[in-house]
Structure formats: structure tokens, C-alpha cells
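Below, each chain spelled out in residue letters.
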Amino acid sequence: RKYDPYRPSIQTFDLITRDASFLCAELLPNPAEETRKLALLQRLSEISAETFGDAEVLPFGSSGNGLALANADMDVCVFLNAKEGEEEVSPAEFVERIGDRLEKEPDFENVLQLRKARVPIVKLNHINGIACDIGYQNDLAIWNTRLLRAYCKADRRVRDIVVIVKQWAKKRRINNPYTGSLSSYAYVLLVIHVLQRRGVLPNLQATVEGNGQVPFWDCQGFNRYFFEDISRLSRYWQPTPESLKQSVGELLYEFFRYFASEFRYATHVVSIRKGGLLTKEMKEWTKDHTQAQADSKPNVKNRYLFCIEDPFELDHNVGRPVDRYSLFTIRGEFMRAAKILSKNGDGAIARLCVERH
Ligand code: 3AT
Ligand code: MG
């Protein structure tokens, strides 16, 4: 580990840990909200079945991985089982049919069909107060949700750290891929990366039983294998003794310090699949380029300023939305956060998450 002259004392870390745990308790959704989400899921399952016949509706993102803040959107994905001889429903057609149907239902509001998006979805609000995005046949999203959930189960500190980082990113306005910053999904990958480096988390995609060969479990051409049965993880992997002593406060500080001053943005790629760093050259992620999409969808600009490899879709940079300007802002926020946590533990978590205007 790099020598750090600003590293705060154990007492400071303890204060940060205490406040982080209070804030987490405040930010997590209450049981009533969980119940409303389940009811909405049930409702969407019925409507999908009535519209398409054989359909399955699965939650993904934070509603599926246990990392939701209160009032978070719910992401769901619909899977259709086409009968033999039946034509498959295209994403655009799916969005149109389910969107038209939902518009007629009295308990749904603001139904918006995004048919031409790179990933077509329907956005809506349910009158029980939950906002929801409905996607279609996105197997990889289900698998990356399960991977994140497994990491979350592997160590109890993960959830608290992620919740604080998400709250910080939202309040500091650097949690919007549409305006050049990062998705929550990206921040979770960054947290896992730092915890892997610190020996707190294993690399579940390299953890195998038996003879040590990583199997290939195909999902849309990518390997979706990972060690998922966390109750049996201790047979194959142990956290380092040092990592067991680190508090949430210390690990939060480490997270911000790492991306403020250790990570080399110009050359490195964060890869939780490798359990460490890759270089942009190894991945040939050196030149920005515009990628044409099928059927008149808008082109996407691939940028490689902040490189975060998706754990399954290896050619996908989850940091793609980041441009020169937003990178400057995000790095500035990492520095601000590390500085706040290195000073005075008391009240640091509140200062960390002060709203930026
Ligand atoms: P919030 O609680 O909504 O802030 P979340 O955990 O639901 O956080 P996102 O809304 O960012 O996270 O993403 C929802 C899911 O969509 C997570 C992941 O399965 C998928 N996803 C999001 N962004 C990407 C991406 N850039 N690449 C691949 N999958 C993504
Ligand atoms: Mg979400």
C-alpha cells in the first residue's frame, strides 16, 4: 500500500463508522416500501402474462441486489417464452405493446415508451409512489445483479459502504450517466475493486471448486460464471487477517483516497473480473470511437477516459459516459471526500454528503 501522510487515526475511523451506520439505517427502504415493490412486481407479472402469454418479470439493479436506498426506482426485466413456430417479439415491439397496455390501466401514470433507445424500455410511475423502468430479455443485467448481490453477501461491510457512496454520488450530482457521470452500477464496481485490493472480498469469477478450472457458462456469448453459493465460500477463500480489522470508516476513506490519488486514470482499467487492474493497451481501449448501432438507433460514442470493465460484457466500458469535463468534476469530488474524511471524524459523513448546487 502507498504511504499516506494524511491517514487519520483509528479514533477518527471509529467516528466515521458510527455515523455511517446511522446514516445507512436512515437511508435504507422500510418494510412498507418493500411490500409496495413486491405488489407492483406482481401487478406487472399479471399484465405481462395477459399481454404476451408466457412471461416472467424479474427485478434487477438495486431492487434485486439488496443495495437500494429508500425511494429508489425499481428496475424490472420481462422475459417472454416464445412458443414453437411463433415469431419472437422485437424489443421495439415489446415496448410498444406493453406501453400501450399500461397506458390504459388506471394505476399507472406517466407511461413513457423509449422505443429507439440503445436499450428500449418503458418508464412509468405507479400510483403507490414507485417509479419503474421495464426492460426486455436482458439476461446479462440479471446476472450482474446476482453477482453484485453475492459480493454483498460475502462481507457485511459492503452494503454500508455502497449505501454511503451512492448517497454521496447523488448529493454531489455525479450519479447521472446521461450528463457524463457514472451510474450507481459503476460506483458499486469501483467499491468492489477497492475491497478486492484490500483483501476484504474475493474474486468470485475466479473462485472455483475442484480442479481449479474456471468453467465457461455462456450468456449472449459472454462467460457468466461466478461462485454464487456464499455460504460455502469459506472453504475456498479467506479474507486476509488485516482486512478483518478494517472498519467501514477506514474502508470508506481508502475508497476515496484510492480514486483521489492512487488510481492512474490515464493508463488503468478497473476489472473486478481480474480482481485487479488491467491497462487500456491490453484492452485496446485507447482511442475514442463512434460505434454505429443496428436499425437506425442513435450512435454511441465510446470514450475511454475512466475505464471500468463490465464483469461479463468485456468489451463494455461502464465508464463510457465520462468525458473530459465530468472526469475533472468526479476526480475533484473524490479528492474532496478523501480530504473531509481525513480531517475530523465527527460530522464527516454529514459533510461528505452535503448537497452540491
Ligand atoms: P439505484 O439504486 O437505482 O441508484 P442500481 O443499483 O439500480 O442503483 P442502476 O440504476 O445504475 O443501479 O442500474 C440498474 C441495473 O442496470 C444494474 C445493472 O444490472 C444494469 N446496468 C446499469 N448500468 C449499466 C451499464 N453501464 N452496463 C451494464 N449494465 C448496467
Ligand atoms: Mg436502479
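Criteria and cut-off values
The numbering scheme is per chain: residues are counted from 1 as the chain's sequence reads. For this description, chains carry letters from A and ligands carry numbers from 1, given in the order in which they are written. Local features in this predicted model are restricted to residues whose pLDDT is 70 or higher, and side-chain atom pairs enter the listing and the counts only when it is 80 or higher, whereas totals over whole chains, interfaces and linings include all residues. Helix and strand assignments follow DSSP, with helices taken as H or I runs no shorter than four residues and strands as E runs no shorter than two, numbered in order from the N terminus. Only the C-alpha atoms count toward the radius of gyration. The rule for a globule is 2.2 Å times the residue count to the power 0.38. Whether a residue is buried, exposed or partly exposed is read from the other C-beta atoms within 10 Å of its own C-beta, which are placed from the backbone; 20 or more gives buried, 12 or fewer gives exposed, and intermediate counts give partly exposed. Placing a C-beta atom from the backbone of each residue, one calls two residues in contact when those atoms lie within 7 Å. Whether two strands pair depends on DSSP finding at least two bridges between them. Geometry is summarised by axes, namely lines fitted to C-alpha atoms with helices restricted to the contacting stretch, and by angles between N-to-C directions that run from 0 to 180 degrees. The term nonpolar core refers to a group of buried residues, namely Ala, Val, Leu, Ile, Met, Phe, Trp, Tyr and Cys, whose C-beta atoms join them within 7 Å. An automatic or database domain assignment provides the domain bounds reported here. To estimate the expected span of a helix, count its residues, drop one, and scale the result by 1.5 Å. This arc describes the spread of directions from the helix axis toward the C-beta atoms. UniProt positions are given in the numbering used here, feature names are shortened, and annotations may be inferred rather than shown by experiment.

- The name an unreviewed UniProt entry assigns to the protein is polynucleotide adenylyltransferase, from the organism Podila minutissima.

## Here's the deal with the overall build of the protein
Thinking step 1. For the protein, the count of helices and strands is 12 helices and 12 strands.
Thinking step 2. At 21 Å, the protein has a C-alpha radius of gyration in line with the 21 Å of a compact globule built from 357 residues.
Thinking step 3. Overall size of the protein, expressed as C-alpha extent along the three principal axes, is 65 × 45 × 45 Å.
Thinking step 4. Here the protein, with 357 residues, has 37% of them falling under the buried criterion.
Thinking step 5. A fraction of 64% describes how many contacts in the protein between residues 6 or more apart in sequence connect residues 24 or more apart.

## Side note on the sheet that holds strand β1 (residues 55-60)
Thinking step 1. An order of β1-β2-β5-β4-β3 is seen for the 5 strands of this open sheet, with the pairing classed as mixed. The strands lining the two open edges of the sheet, one partner per strand, are β1 and β3 (108-114). Within this sheet the neighbouring strands show an average axis-to-axis angle of 25 degrees, counted without direction.
Thinking step 2. With 4 bridges connecting them, strand β4 (residues 121-126) and strand β5 (residues 131-136) associate as antiparallel partners. Across the sheet, valine 122 pairs through a bridge with isoleucine 134, a residue of β5.

## Topic: the nonpolar core
Thinking step 1. Counting residues in hydrophobic clusters, the biggest one holds 64 residues, and the most contacted among them are Ile161, Leu189, Val191, Leu252 and Leu341.
Thinking step 2. Two domains share this core, each providing at least three of its residues, namely domain 1 (10-27 + 141-352) and domain 2 (31-138).
Thinking step 3. In contact with valine 191, not counting residues within four places along its chain, are Ile161, Val162, Val165 and Phe255.
Thinking step 4. Ranked by size, the runner-up nonpolar core spans 20 residues in total, among them Val89, Phe94, Leu102 and Tyr136.

## Some points on helix α4 (residues 91-103)
Thinking step 1. In this model α4 runs 18 Å from its N-terminal to its C-terminal C-alpha over 13 residues, within 8% of the 18 Å that 1.5 Å per residue would give.
Thinking step 2. Inspection of α4 places Phe94, Val95, Ile98, Gly99 and Leu102 among the buried residues, and these make up the whole buried set. One side of α4 carries all its buried residues, which in axial view fall inside an arc of 115 degrees.
Thinking step 3. Looking at the packing, one finds that the buried side of α4 touches α2 (31-52), β3, β4 and β5.

## Observations regarding the pairing of β3
Thinking step 1. The pairing of β3 with β4 spans 5 bridges and is classified as antiparallel. The residue bridging leucine 112 from the neighbouring strand is lysine 123, located in β4.

## As for the UniProt feature "domain: Poly(A) RNA polymerase mitochondrial-like central palm" (unreviewed entry) in the protein
Thinking step 1. The residues that UniProt annotates with the feature "domain: Poly(A) RNA polymerase mitochondrial-like central palm" (unreviewed entry) are residues 21-152.
Thinking step 2. Overall, residues 21-152 shows 45% helix and 24% strand. The separation of its end C-alpha atoms is 16 Å.

## A word on helix α9 (residues 248-262)
Thinking step 1. If you check α9, its first and last C-alpha atoms are 20 Å apart, about what 15 residues at 1.5 Å a residue would give, namely 21 Å.
Thinking step 2. Most of α9 sits out of view: 11 of its 15 residues are buried.
Thinking step 3. Among all positions of α9, only Val248, Gly249, Glu250, Leu251, Leu252, Tyr253, Glu254, Phe255, Phe256, Arg257 and Phe259 are buried.
Thinking step 4. Where α9 is buried, its residues meet α1 (10-27), α6 (157-171), α7 (184-197) and α11 (324-343).

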